[in-house]
Amino acid sequence: MLDHTKAAMAETRATFTGDHALEMEEPLLFEIGQAEKSGVDIEEPEAFQSCLGGLERSDPIGLPGLSEPETLRHYVRLSRKNYSIDAGLYPLGSCTMKHNPRLNEKMARLPGFADIHPLQPQSTVQGALEVMEQLSHWLLTLTNMEAVALSPKAGAHGEICGLMAIKSAIAARGESATRKIVLVPQSAHGTNPASAALLGFEVRAVSAGVDGIVHAEDVASVLGPDIAAIMLTNPNTAGLFERDIAKIAELVREAGGYFYCDGANFNAIAGVARPGDFGVDAMHINLHKTFSTPHGGGGPGAGPVVLSARLAPFAPAPALVKTADGLRLKEDIEGTTSLGRITAFHGQMGMFVRALAYMLSHGADGLAQASQDAVLAANYVRVKLRDMMTAPYGDRNCMHEVLFDDAWLAGSGVTTLDFAKAMIDEGYHPMTIYFPLVAHGAMLIEPTESESKASLDKFVATLRRLGELALSGDAELFHGAPRYAPRRRLDETLAARKPVLRWSRDVA
Ligand SMILES: *Cc1c(COP(=O)(O)O)cnc(C)c1O
């Protein structure tokens, strides 16, 4: 395949239309539509009295007018440019881009779930509340925790929610003035320090050992009465299980702090290990990663937070309670220590339905197997590539994702970015690159449990072939990649320095 790639490099891809077979150029709606044209026939409005007190706009709104087929073609052409989990392997580490069973979609589209409104009388949505109740039950069972807040809209929002519970607990102990520091390892996802800082905590880095995990002695050496919490991801962002986690939790608790676990990587351990057993006080679960609900392109996500008995009294509203009249969302926090609402309404209902459908269709054995298969698939990729690529923490078993660095490319003139761009030409979405920051030129591969062996073999073979070309001195092939994508390399520096955030005819 790659020799074809090289031969084709010499050819020009110029066509009259700018289209290449099914891959079509697509201008913006504003460029193809005309403001004077209307796709529908609307009658002139009858004379009416404006209630806007003279604030109504007087100039034309300038929306592009398009016919229905023009509009449809626009969006269909754009949709063909998407790389998606339904198009191919999506090895984006730290993101768990896994197959979303269609059964979940079917359930979420049942009118009884899809057409209800959060302001409907609660007596009319008992089924939806029962889904929330069952989902809560299984999340608590899988994590062995005391309480769960379903409303956070994403992992990062869950971090905020969990840290707010920690902040409330510290305030209730009268220690707000002294407990100000949140410990975060250097390998953490950027949302961890950002969440802590947003809530007014001071972020202090803890470093990991040469084996890539955080050691209990290193945590012990920085603990004191000023520590509010530690945020630790397990498995961590290098794809490694934090072996000292139970000891670290114990030390932090003894020092009067709280243990926040970033549960975004729960896909590696769900059904196998329970965070409550290793001393977690608060943990968000990315339903959109672990329980298969679709994500990417900005949402929607769902980041429920499970809380320990110490933090449960501070859980946000609404609380889901059983009453004689059925299930109720209790909004009133008078006389409680609840931290209050963190968002309008009750969370992402559609994601709750999908996640519960995923759990129930897998069963306990299926959830455990999904985790084990995810770990197996990552280790398969690791073992198949380890003689060519280099790993920052040596030849160790990984969890659901495998981390390589760029030491093996030294002297080849090919960077991690070049390598990723060449993968695009081969029809793959690249792995996560340059994250975590602790590995030089990081390449973080998460194949997930739903890829077949044949699919993993083809992926490995592609990476090996690209690797051979890189090491054989064919740097040019890489510097020019991608050649077959709708756009080649973008000037990211220019885009960052001079962002054009609003379209206007002059820019076009
Ligand atoms: C994805 C992720 C997050 C953030 O979750 P969002 O749902 O994207 O807000 C936090 N931590 C880790 C380790 C993650 O992988």
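See the structure shown above.
Keep in mind that this is a model prediction, so the values were computed, not measured.

Engineer: Could you give an account of the side chain of T233, naming the residues involved and the relevant values?
Structural biologist: Along the chain, the position of T233 falls in strand β4 (residues 227–233). Residues contacting T233, with those up to four places away along its chain left out, are N192, E242, D262 and N265.

Engineer: Residues and numbers for the sheet that holds strand β12 (residues 443–445), please.
Structural biologist: The three strands are arranged β10-β12-β11 in an open sheet whose pairing can be described as antiparallel. Each edge of the open sheet carries a strand with a single partner, namely β10 (402–404) and β11 (432–433). Across three bridges, the pairing between β10 and β12 is antiparallel. Residue pairing for β12: F404 is matched across the bridge by M443. Sheet strands touched by helix α12 (residues 349–385): β10 and β12. Its angle to β10, the strand with the most contacts, is close to 30°.

Engineer: Explain the site of the ligand residue by residue, including any values.
Structural biologist: The local shell around the ligand holds 13 residues, among which S94, G155, D262, H288 and K289 are the closest. About the coverage of the ligand: the protein hides 87% of its 380 Å² of free accessible area. Every element with two or more residues in the shell around the ligand is listed here: α7 (155–172) and α11 (287–290).

Engineer: Before we move on, can you summarise unusual backbone geometry with the specific residues and values?
Structural biologist: Residues F435 and P436 are joined by a peptide bond in cis, for which omega reads 0°. Take P436: it is sitting in the loop between β11 and β12. A cis amide bond links A481 with the next residue in sequence, P482, at an omega value of 0°. By the secondary structure assignment, P482 is in the loop between α15 (475–479) and α16 (492–497). Of note in the backbone geometry, A21 takes a positive phi value of approximately 50° without being a glycine. Position of A21 among the secondary structure elements: in the loop between α1 (2–9) and α2 (29–32).

Engineer: I'd like a description of α7, backed by residues and values.
Structural biologist: The periodicity of an α-helix, 3.6 residues per turn, causes residues three or four places apart in sequence to face the same way. Between the first and last C-alpha of α7 there are 26 Å, a value that for 18 residues agrees with the 26 Å anticipated at 1.5 Å per step. When α7 is considered as a whole, its buried residues turn out to be G155, G158, E159, I160, C161, G162, L163, A165, I166, A169 and I170. Directly after α7, the chain includes G174, whose backbone phi takes a positive value near 70°.

Engineer: Describe the pattern of salt bridges, and please don't skip the residues or the numbers.
Structural biologist: Scanning the entire structure with this criterion turns up 23 salt bridges. The partner of R57 in a salt bridge is D59, and the shortest N-O contact between them spans 3.6 Å. Looking at D59, the relative accessible area reads 44%, which means it is partly exposed. Salt bridges sharing common partners tie together E105, R109 and R354.

Engineer: Tell me about the side chain of S136, residues and numbers included.
Structural biologist: For S136, the position within the fold is in helix α6 (residues 126–143). The class for S136 is buried, based on a relative accessible area of 12%. When sequence neighbours within four positions are dropped, the list of residues in contact with S136 reads V148 and L150.

Engineer: A description of a nonpolar patch on the surface should follow, citing residues and the corresponding values.
Structural biologist: A contiguous nonpolar patch, built from L28, F30, I61 and L63 and spanning about 370 Å² of accessible area, is present on the exposed surface. On the accessibility criterion, F30 (34% relative accessible area) is partly exposed.

Engineer: I'd like a rundown of the nonpolar core, residues and numbers included.
Structural biologist: Counting residues in each nonpolar core, the largest one holds 55 residues, and the members touching the most others are L135, L139, L287, F291 and F352. Top element by residues in this core is α12. It accounts for 11 residues. When sequence neighbours within four positions are dropped, the list of residues in contact with L135 reads L150, L287, F352, A355, L356 and M359. If you look at the next biggest cluster of nonpolar residues, it comprises 31 residues, including A378, V381, F419 and I445.

Engineer: Break down the sheet that holds strand β7 (residues 305–307) for me, with residues and values.
Structural biologist: Two pairing modes exist for strands in a sheet, parallel and antiparallel, and in both the strands are linked by backbone hydrogen bonds. The strand order across the open sheet built from seven strands is β1-β7-β6-β5-β4-β2-β3, with neighbouring strands paired in mixed fashion. Strands at the two margins of the open sheet, each flanked by one partner only, are β1 (147–149) and β3 (202–206). Neighbour-to-neighbour, the strand axes of this sheet turn through a mean angle of 25°, independent of strand direction. Taken together, the five bridges between β4 and strand β5 (residues 258–262) define a ladder with parallel strand orientation. Residue pairing for β5: M231 is matched across the bridge by Y260. Against the sheet, α7 engages β1, β4, β5, β6 (282–284) and β7, with an angle of about 175° to β5.

Engineer: Account for the packing of α7 against helix α8 (residues 191–198), with residues named and values stated.
Structural biologist: Two numbers describe how α7 lies on α8: the axes approach to 9 Å, and their chain directions differ by 45°. Regarding the angle of α7 to α8, the classification is oblique. Of the two possible hands of crossing, α7 and α8 adopt the one that is right-handed. Mapping the contact onto sequence places A156, E159, I160 and L163 in α7 and T191, N192, S195, A196 and L198 in α8. Counted by class, the contact of α7 with α8 contains five nonpolar, three polar and one charged residues.

Cut-off values and rules
- Residues numbered from 1 in each chain as written.
- Predicted model: local features only at pLDDT ≥ 70, side-chain atom pairs only at ≥ 80, totals over all residues.
- Heavy atoms only, no water.
- Helix = DSSP H or I, 4+ residues; strand = E, 2+ residues; numbered from the N terminus.
- Contact = heavy atoms within 4.5 Å.
- Pairing = 2+ DSSP bridges.
- Axes fitted to C-alpha atoms, helices over the stretch in contact; angles between N-to-C directions.
- Near = heavy atom within 4 Å.
- Areas by Shrake-Rupley, 256 points an atom, 1.4 Å probe, with all protein chains shown as cover.
- Expected span 1.5 Å × (residues − 1).
- Buried < 20%, exposed > 50% of the residue type's maximum accessible area, 1.4 Å probe, protein only.
- Salt bridge = Lys/Arg side-chain N within 4 Å of Asp/Glu carboxyl O.
- Patch = residues over 30% accessible without salt bridge, like charges linked within 9 Å, V, L, I, M, F, W, Y side chains within 5 Å.
- Core = buried A, V, L, I, M, F, W, Y, C linked by side-chain atoms within 4.5 Å.
- Parallel < 35°, antiparallel > 145°, perpendicular 65-115°, else oblique.
- Left-handed = near helix turned anticlockwise from the far one by under 90°.
- Nonpolar A, V, L, I, M, F, W, Y, C, P; charged D, E, K, R; others polar.

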